[in-house]
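Secondary and tertiary structure notes
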Amino acid sequence: MLITNIALYQKLPTATPFRSAFRLNEIILSSDMRVARMASREKIRQSVRTSIFMRSIGRCEYGACGEIAARWSNGHIEMIGELCHILPVNEGSRSEFKASFPHVDLDSENNLMLLCRKHHHLIDQEKPSEYPPAILFQMVINKARHVARFVDDLFQSSPFRFDHHELAQDVRVGRIYDLMNEATLSGPKEGRSLLRQAERVLGDIALNPLVETAVQWVELARLELKTTSLENDYSSSRWEKGLQASIAILKTIVDPRKVPVAVSLMLLFLRDEYGVFDAQKKLTLAKSLNDKLDSVSSSADDRDALAYSLIVKSSVVRWRGRLQRLQSHQERSFSEAERCAKRSLSLVRSSSALLQSLLVEYSKARLLPLRSVAEYDERIAAIGQTLESPELLEYGAAAKYRPIFYRQTFQYIKSIDAFWTGIDFGFRPALSRVAHVIGEASTAAYSQDRSRGLTIVNDALSFLSEALRQGFDHAHNFKAWIACRSIVDEKWFDINLLSKFETDLEAPNQLANILTDARRRFFGQDAFGHDVLFGVDEAEFWTMLGTLTARCRSDLDLAMRFFERASRYGGHRFPIHAARVRACLHVKRLEEARAHLLRARSVASARYGSAIADLEASLARLEDSPGLSRSSA
């Protein structure tokens, strides 16, 4: 969880260089410049440093950066970034504005902002003319508002009447979010211990007899820690316990401003990326979350609070629609979600509300039948255009969603480009969790056109390997790693996987044993301590195995056995039929390809229109190729 202020983007002028603000190029400072800045920092009083640290909770105060620029270590503030004067003490950047601010104390916290080195260099050296004092003062104000909410809750009932400087001495609140940020940036493997530290700090705050902490704030922080920990916890039993514990915490939160935040954290269980819960349990949860939001909706005390509550409600109702079976129920849910998103946008034009409206529109488009392919394609094009708009281009949630959207709509090259762009913008931790997207898009793009070469697959394989080592080792990522590794080295697939599966497909625990063996041999004996089958969709896995068997060994009979196994778990899913078609086309069994293509069409909706067209085009090319007749078997 990185604390950012996306709303600030709507307040800054269009000339602000957002793209450059997120580049990951390392800023190399000369030794002279380092010495000069260190000398400048020596003049800043410790009390001022502490005030700025508490105000910023240790994060860069530039826009939505949120990078850790200072931390609390062994009883003192350790500077990672730099303190920047908004109005310079001597001559320098923005000195021409000093006459306009005659009452500003140049060495006070009001004239200083905490920045990472990249953004300090940006505003002072690269483009100082684009950052007048008014913009920088506004950045500081917006960041401070976020922290103020936590501090107000923490000390609102204190009998000691702390003033600003006394509050600045207590950095425990900032420490919790500092640890959560570090856990996010470090990855699950190292991050779990950091989250446990944050839980201990929260426990100290809650039990401190000298500070009467707001219970609502403590419970909300506890819920955030719980859901953050579960995101990268690959145990079904812990997810079940986590859901029950989170529901219990949610019941204690009744503050109208905190309920929408709490419900947004509970969306983790509705998304259920690892398939832990059945649809009925998630529908029951969706109803309780919706009821919780409705219970406080009339108490929203300002436009911002109401707009945010409507975004969360739209998301809950949209997920309810995704889980419902009857299309009429789905349509009603999506219409309600659309109304909430539009009303939120009418109250406050925010990136989160705009993205939510696109998610609803995509959910509605997925319901269209195959005969409505043209309408579907038109809607998808409009969604993609908005996703690439300046308003969403560097919004974190949109950066994560873009490659997923393009992957799901079979726009593989766009998915690959969007993924690496998100990495360049600094969203590596979020994209590492869904690293399987780059693997799936790269293998699909290579299969469509091998003239692109193996570079895109090798790049995806390298990223997946690193993500797995960092602890993002859930089944989706490992399955994608297997696919990439098999395409890069077909002999590896034959020796390490296929030869073991083909002996006895029905052996008990065979899948778990083979996957466990593969993980340990290629990632070490201590890797992947959790249940190897956690999150495995067996229909998807056996479909992948059949596809790789046809591609790497050209053994259609064995591939069909794998597809048959996939059908036991996935029924008549379109991807299974489509995989059968591709396997038949690969070995030029055209008659069987035609039969499977008919079955694929019979279960396809408009969202599969482009995939159907691609399969039909591939079949037509083979039918027209020399040496093959249209009746070839």
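Up top you'll find the structure we're talking about.
In this report, the structure presented in the accompanying data block is examined.

Here is what the cut-offs are and how they apply
- Residues numbered from 1 in each chain as written.
- Predicted model: local features only at pLDDT ≥ 70, side-chain atom pairs only at ≥ 80, totals over all residues.
- Heavy atoms only, no water.
- Helix = DSSP H or I, 4+ residues; strand = E, 2+ residues; numbered from the N terminus.
- Expected span 1.5 Å × (residues − 1).
- Buried < 20%, exposed > 50% of the residue type's maximum accessible area, 1.4 Å probe, protein only.
- Axes fitted to C-alpha atoms, helices over the stretch in contact; angles between N-to-C directions.
- Left-handed = near helix turned anticlockwise from the far one by under 90°.
- Contact = heavy atoms within 4.5 Å.
- Nonpolar A, V, L, I, M, F, W, Y, C, P; charged D, E, K, R; others polar.
- Salt bridge = Lys/Arg side-chain N within 4 Å of Asp/Glu carboxyl O.
- Parallel < 35°, antiparallel > 145°, perpendicular 65-115°, else oblique.
- Bend = angle between axes of the 7 residues up to and from the residue.
- Pairing = 2+ DSSP bridges.

The next thing to look at is helix α9 (residues 215-231). Here α9 spans 25 Å end to end across 17 residues, near enough to the 24 Å set by a 1.5 Å rise per residue. Along α9, 12 of the 17 residues are buried, which leaves the element largely enclosed by surrounding structure.

Okay, unusual backbone geometry next. Of note in this structure, D272 is not a glycine but carries a positive phi near 45°. As for its placement among the helices and strands, D272 is situated in the loop between α11 (259-271) and α12 (279-297). On the basis of relative accessibility, which here comes to 5%, the residue D272 falls in the buried class. In this model, K588 sits at a positive phi of 65°, which is unusual for a non-glycine residue. K588 gets classed as partly exposed once you look at its relative accessible area, which sits at 42%.

Here the focus is the packing of helix α19 (residues 412-424) against helix α21 (residues 436-448). Where α19 meets α21, the axes come as close as 8 Å, and the angle between the chain directions of the two elements is 145°. The interaxial crossing formed by α19 with α21 has left-handed handedness. From α19, Y412, I413, S415, I416, F419 and W420 reach across to α21, where they touch V437, I438, A441, S442, A444, A445 and Q448. Its residues placed into classes, the contact of α19 with α21 shows 10 nonpolar, 3 polar and no charged.

With that out of the way, let us pick up the pattern of salt bridges. Counted under the stated rule, the structure contains 31 salt bridges. Here R379 ties to E375 by a salt bridge, and the two come within 2.7 Å at their closest N and O atoms. Of the two residues, R379 and E375 are both situated in helix α16 (residues 373-387); the distance of 4 residues between them amounts to about one turn of the helix. Looking at R379, the relative accessible area reads 21%, which means it is partly exposed. Classification of E375 by relative accessible area gives partly exposed; the value is 36%. Shared partners join several salt bridges into a network, and the residues in it are E231, R271, E273 and R433.

The next thing to look at is the packing of α21 against helix α23 (residues 475-488). At a minimum axis separation of 8 Å, α21 and α23 run at an interaxial angle of 30°. The angle between the axes of α21 and α23 places the two elements in the roughly parallel class. In the packing of α21 onto α23, the handedness of the crossing is left-handed. For the pair formed by α21 and α23, the contact residues are H436, G439, E440, T443 and Y446 on the first element and H476, N477, K479, A480, A483, C484 and I487 on the second. Residues that form the contact of α21 with α23 fall into these classes: 5 nonpolar, 5 polar and 2 charged.

With that settled, consider α11. Look at α11: 19 Å from first C-alpha to last across 13 residues, which is about the 18 Å you get at 1.5 Å a residue. Along α11, the largest kink reaches about 30° and is centred on L265. Counting buried positions along α11 gives 10 out of 13 residues, so the element sits mostly inside the fold. On its buried face, α11 sits against α9, α10 (236-252), α12 and α13 (303-323). Looking one or two places after α11, you find D272, whose phi comes out positive at around 45°.

The two faces of strand β4 (residues 112-115) match: L112 and L114 on one face and M113 and L115 on the other face are all buried. For strand β3 (residues 82-85) and β4, the ladder comprises 4 bridges, and the chain directions are antiparallel. Of the residues in β4, the one forming a bridge with E82 is L115.

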